[in-house]
Amino acid sequence: MMKRTMIIAVILVGMIGWTLYESLGSNDGVLQDQLDENIESETGEGTPEKVESDIPEEDIGITQGMYAPDFELATLDGETAKLSDYRGQKIMLNFWATWCPPCRAEMPDMQRVYEEHDDAMILAVNLTETETGVAQVESFAEDFGLTFPILLDEHVEVAGTFGIQPVPTSFMINTKGRIDSIAIGPMNEDMIIQRFNEMD
């Protein structure tokens, strides 16, 4: 009886040991995958452009040559957009308002550039806190037939970050996310195209 009990105990211990070995062995693949992902994210492999967290804070600013500060805003069509979502594209980051006559003057030119030049991304940040409401911005966009993304700066926090005083003001941002130039005041179609052509 004692011998039988010992054999059963040895079999049970063996089964438990085998189960643990199999369980830990199958997790090795998962752990290796996680380790590979961590190494890839740390080395930057698979990510062609720097993301905001990789950029030293002292390299982020609102002057020429610096990386433009990232931000996230709601869009007029109900989505959300971050500036970094467009990294890798040439960007005209335009700050504007519906009540601003120079802004109204440059909108048709911006729309033509957006429609006719595939490499030109236009992001129009509306100073929504200064408007009577979002409906006013929607009506303006419809009247002018605007199809580029319109971002709603409802508390003018992003405008504050970029130090916006007069509108319109445009930051021309290159494919690496650096500010190539800044235009204070309205630009016509030729001026906008020239700015895009001068960027990497």
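Scroll up to find the structure.
Calculation criteria
- Residues numbered from 1 in each chain as written.
- Predicted model: local features only at pLDDT ≥ 70, side-chain atom pairs only at ≥ 80, totals over all residues.
- Heavy atoms only, no water.
- Salt bridge = Lys/Arg side-chain N within 4 Å of Asp/Glu carboxyl O.
- Helix = DSSP H or I, 4+ residues; strand = E, 2+ residues; numbered from the N terminus.
- Buried < 20%, exposed > 50% of the residue type's maximum accessible area, 1.4 Å probe, protein only.
- Pairing = 2+ DSSP bridges.

> Explain the pattern of salt bridges to me, please; I cannot follow it from the model alone.
It is possible for side chains bearing opposite charge to pair when their charged atoms get close. Evaluation of the coordinates by the stated rule reveals 3 salt bridges. We note a salt bridge from Lys82 to Asp70, for which the minimum N-O separation is 4.0 Å. You can see Lys82 sitting in strand 2 (residues 80-82) and its partner Asp70 sitting in the loop between helix 1 (2-43) and strand 1 (72-75), a full 12 residues away along the chain. Here Asp70 falls in the partly exposed class, since its relative accessible area comes to 24%. Among the ionic pairs, Arg112 bridges to Glu189, the shortest N-O distance being 2.9 Å. With Arg112 in helix 2 (residues 101-116) and Glu189 in helix 5 (residues 189-198), this residue pair connects regions lying 77 residues apart in the sequence.

> Please clarify how the pairing of strand 1 should be interpreted in this entry.
Remember that side chains alternate between the two faces of the sheet whenever the strand is regular. Pairing of strand 1 with strand 2 involves 3 bridges; the strand directions are antiparallel. Within the sheet, the bridge partner assigned to Ala74 lies in strand 2 and is Thr80. Turn length for the strand 1-strand 2 hairpin, with the two strands adjacent in sequence and antiparallel, is 4 residues, and the turn residue Gly78 shows positive phi of about 90°.

> Teacher, can you tell me more about the pairing of strand 6 (residues 169-173) here?
Taking burial as the measure, the 5 residues of strand 6 include 5 buried ones, the bulk of the element. Burial along strand 6 is two-sided: Thr169, Phe171 and Ile173 and Ser170 and Met172, pointing in opposite directions, are all buried. Across 5 bridges, the pairing between strand 3 (residues 90-96) and strand 6 is antiparallel. Within the sheet, the bridge partner assigned to Ile91 lies in strand 6 and is Ile173. Bridge count between strand 6 and strand 7 (residues 179-184): 5 bridges; the pairing is antiparallel. Its bridge partner lying in strand 7, Phe171 is registered against Ile182.

Interpretation in functional terms is not warranted from these geometric data alone.
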